[in-house]
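Tertiary structure, described
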Amino acid sequence: MRVLVTGGAGYIGSHTLLELMAQGHEVCVVDNYCNASPEVLVRIRSLSNGTLVDHIGDVRDSVKLDDIMDGFQPEAVIHFAGLKAVGESQERPLHYYDINVSGTLCLLRAMDRIGCRKIVFSSSATVYGVPKYLPYDEAHPTNPTSVYGRSKLMVEQILTDWTAAQDDTTAVLLRYFNPVGAHASGQIGEDPSDIPNNLMPYIAQVAIGKRDALTVFGDDYDTADGTGLRDYIHVVDLARAHVAALGYADKATGARAFNVGTGQSYSVLDMVAAFERTSGKTIPTKVAARRDGDIAAMQADATRAKHELKWVTEHNLDDMTSSTWVWQSGNPNGYKS
Ligand code: NAD
Ligand code: UD1
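Read on for a plain summary of the structure. In this text the structure is predicted, and so the values were computed from the model without any measurement.

What follows concerns the overall build of the protein chain. Scanning the protein chain for helices and strands turns up eleven helices and 13 strands. The C-alpha atoms of the protein chain give 19 Å as radius of gyration, which agrees with the globular expectation for 337 residues (20 Å, within 12%). If one aligns the C-alpha atoms of the protein chain with their principal axes, the spans along those axes are about 55 × 45 × 40 Å. Split into buried and exposed, the 337 residues of the protein chain put 53% on the buried side. When the accessible surface of the protein chain is totalled, it reaches about 14,200 Å², and 47% of it is carbon and sulfur. Of the charged side chains in the protein chain, 30 are positive and 41 negative; the average position of the first set lies 1 Å away from that of the second.

In this structure, R45 sits in helix α2 (residues 39-47). Sequence spacing of R45 and L309 is 264 residues, and the spatial spacing of their C-alpha atoms is 28 Å. Polar contacts involving the side chain of R45 include one to the side chain of D54, which spans 2.8 Å.

Okay, the site of ligand 1 next. Inspection of the region around ligand 1 gives 26 residues, with D31, N35, F80, K84 and Y148 positioned closest. Between ligand 1 and G10 there is a distance of 3.2 Å, counted from an oxygen atom to a backbone nitrogen or oxygen. Those elements that provide at least two residues to the shell around ligand 1 are α1 (11-22), β5 (118-124) and α6 (147-165). Counting residues per element, the shell around ligand 1 draws most heavily on β5, at three residues. Along the lines of polarity and charge, the residues of the shell around ligand 1 split into 13 nonpolar, nine polar and four charged.

The tally for this structure, following the rule as stated, stands at five aromatic pairs. A centroid spacing of 4.5 Å and a plane angle of 20 degrees characterise the contact between Y128 and Y136, whose relative ring orientation is stacked. The same class applies to Y128 as to Y136, namely buried. Centre to centre, the rings of Y248 and F258 are 5.2 Å apart; their planes meet at 80 degrees, and the pair counts as edge-to-face.

Quick look at the site of ligand 2 now. In the vicinity of ligand 2 lie 17 residues, with L199, T215, R230, R291 and D294 positioned nearest. The contact in question runs from an oxygen atom of ligand 2 to an N or O atom on the side chain of S124, over 3.3 Å. With the chains in place, 87% of the 740 Å² that ligand 2 exposes on its own is no longer accessible. Broken down by element, the shell around ligand 2 gets its largest block of residues, four residues, from strand β8 (residues 214-217). Residues of the shell around ligand 2, tallied by class, amount to seven nonpolar, seven polar and three charged.

Enumeration over the complete set of coordinates arrives at 17 salt bridges. Of the charged contacts in the structure, one is a salt bridge between R43 and E39, with a shortest N-O distance of 2.9 Å. Of the two residues, R43 and E39 both sit in helix α2, four residues apart, roughly one turn of that helix.

Across the two faces of strand β4 (residues 76-79) the burial is the same, with A76 and I78 and V77 and H79 all buried. Pairing between β4 and β5: three bridges, direction parallel. Its bridge partner lying in β5, V77 is registered against I119.

L17, I44 and L174 are the most contacted members of the largest nonpolar core, which has 44 residues in total. Residue contributions to this core peak at ten residues, all from helix α8 (residues 235-251). Dropping the residues within four chain positions of it, L174 is found in contact with V120, F121, S122, S123, S124, A241, H242, A245, F258, V260 and L309. In terms of nonpolar packing, the next biggest core, distinct from the first, is built from 24 residues, L4, L108, I114 and F121 among them.

Moving on to the sheet that holds strand β1 (residues 2-6). Pairing is parallel across the open sheet formed by seven strands, whose spatial order is β3-β2-β1-β4-β5-β6-β11. This sheet does not close on itself; its edge strands, each paired only once, are β3 (52-56) and β11 (254-260). Adjacent strand axes in the sheet meet at a mean angle of 20 degrees, parallel and antiparallel pairs treated alike. Direction of pairing for strand β2 (residues 26-31) relative to β3: parallel, over a ladder of five bridges. Residue V27 lies in a different strand from β3, and its bridge partner there is L52. Taken strand by strand, α8 contacts β1, β4, β5, β6 (170-176) and β11, and its axis lies near 160 degrees from that of β6.

The next point concerns the side chain of E138. Inspection of the secondary structure puts E138 in the loop between β5 and α6. Take E138: its relative accessible area is 12%, and that puts it in the buried class. A polar atom in the side chain of E138 sits 2.7 Å from the backbone nitrogen of N259. Excluding its chain neighbours within four sequence positions, the residues that come into contact with E138 are Y128, R175, A257, F258, N259, D301 and R304.

The next thing to look at is α8. The end-to-end C-alpha distance of α8, which contains 17 residues, comes to 25 Å, matching closely the 24 Å that a straight helix rising 1.5 Å per residue would cover. Burial analysis of α8 places 13 of its 17 residues in the buried class, the great majority of the element.

Conventions adopted
- Residue positions are given per chain, counting from 1 as you read along its sequence in written order.
- Working convention: letters from A go to chains and numbers from 1 go to ligands, in the order in which they are written.
- With pLDDT at 70 or above as the cut-off, local features in this predicted model cover only qualifying residues; side-chain atom pairs require 80 or more to be listed or tallied, and sums for whole chains, interfaces and linings still use all residues.
- Hydrogens and water are ignored here; the side-chain numbers use all heavy atoms of the structure.
- Numbering goes from the N terminus for both helices and strands, where a helix is a DSSP run of H or I of at least four residues and a strand is a run of E of at least two.
- For the radius of gyration, the atom set is restricted to C-alpha positions; the globular benchmark scales as 2.2 Å times the number of residues to the power 0.38.
- Each residue is assigned to one of three classes by its accessible area relative to the maximum for its type, calculated with a 1.4 Å probe on protein chains only: buried under 20%, partly exposed between the two thresholds, exposed over 50%.
- Using the Shrake-Rupley algorithm and a 1.4 Å probe, accessible areas are obtained, with residue cover drawn only from the displayed protein chains.
- Only four residue types enter the tally: Lys and Arg on the positive side, Asp and Glu on the negative side; His and the chain ends are excluded.
- Throughout, a charge is located at the NZ atom of Lys, the CZ atom of Arg, the CG atom of Asp or the CD atom of Glu.
- N or O atoms within 3.5 Å of each other form a polar contact, as long as, within protein, one can give a hydrogen and the other can take it, and as long as residues adjacent in sequence are counted only when both atoms are side-chain atoms.
- Think of it this way: one heavy atom of a residue within 4 Å of a molecule or strand is enough to make that residue near it.
- In this classification, the charged set is Asp, Glu, Lys and Arg, the nonpolar set is Ala, Val, Leu, Ile, Met, Phe, Trp, Tyr, Cys and Pro, and all remaining amino acids, among them Gly, are polar.
- Note on aromatic contacts: the rings of Phe and Tyr and the six-membered ring of Trp form a pair at centre separations within 6.5 Å, being stacked when their planes are under 30 degrees apart, edge-to-face when over 60 apart, and tilted otherwise.
- What counts as a salt bridge is simple: a side-chain nitrogen of Lys or Arg found within 4 Å of a carboxyl oxygen of Asp or Glu.
- For two strands to be treated as a pair, DSSP must find no fewer than two bridges joining them.
- Joining through side-chain atoms within 4.5 Å is the link that ties buried Ala, Val, Leu, Ile, Met, Phe, Trp, Tyr and Cys residues into a set, and such a set is a nonpolar core.
- We call two residues in contact whenever any of their non-hydrogen atoms come within 4.5 Å of each other.
- For helices, the fitted line uses only the C-alpha atoms of the stretch in contact; every axis is such a line through C-alpha atoms, and the angle between N-to-C directions lies from 0 to 180 degrees.
- Any helix carries an expected span of 1.5 Å times its number of residues minus one.

Any functional reading would require information that these geometric values do not contain.
Below is the structure:
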């Protein structure tokens, strides 16, 4: 299939490009590099002989998008491009709605113009909000607690309405849990531009000596060791879910949401212990107050993805932490290394 990948130079997008090309898909990337390095595509080309074209562009630039669509004529779009920092989304709501929501509207108009009927969208488990029960299934009520989460839910609704109005269209809404880890080559991984907000890149930067200690946000949750529980998923498993989603979109129409997680959860201290075990490094920790907006636990029921996308995870916790360390130790300054 010819697949246009917005945000394809980012963390999840880059891993997905490799999986798509490994399955023979032709890919075209559009990315404005606001949170990515052009070095990513250099490395991807060295790891794959697949067909990859790329354009520097913003998904809100309709003229540019029309031009790219005319040239590439995609049969499907995977839409990663967007902003993802929860705290920043509260400070800059209009910016987040502009990029995440208006950006998607521009993309859909450009798709309609050339008759491209299939989209796979990067949504998030954050659309569920405070759990009413766990594990979350896709029927769990949605009630996001941040601007970021609401922007994702708005896009899900827009895509649902888009498919309702045209019966030959498909929107696969992938609700990601916590992606971690890196490509087995050690060449592609997560490269936060600032102090990491998320647990795994923070642990990796402590291990490499860039940060002194991990601050554990709260050890008084109602969990076995008192720290927060999350459903961490290896980014390569997540990338493969997109390939599976394309296969599903080829046969199905309408909008459908899928949880993309492992169905298992680990605590902050479990993650630290696994990282120490697979890297041989010691991760000093200090306990601080709970982080604003955090919940105690999150876990996916990924049964629907297993049955309908024919997708299951293949990597375990040690694969997640060891691949993170191979990437971080081989690239202490990320793509600038
Ligand atoms: P990322 O920041 O690494 O990738 C996003 C990419 O989109 C970057 O390459 C960035 O340069 C590009 N981009 C941003 N705005 C753009 C614009 N206006 N036009 C063109 N390109 C633009 O993030 P990621 O972790 O790879 O996440 C990808 C998607 O998955 C995002 O939509 C994110 O919200 C969603 N998601 C991520 C997580 C996570 O934990 N990483 C969890 C749930 C959902
Ligand atoms: C965060 C976002 C969420 C987003 C997800 C994507 C918030 C409130 N939520 O979720 O919307 O979808 O990232 O990956 O920002 N932790 C520490 N110390 C740290 C960092 C994290 O103890 O320095 C703990 C957190 O309290 C949490 C766990 O580690 O218990 C995971 O945190 P993180 O990686 O930030 O992910 P989420 O909180 O699940």
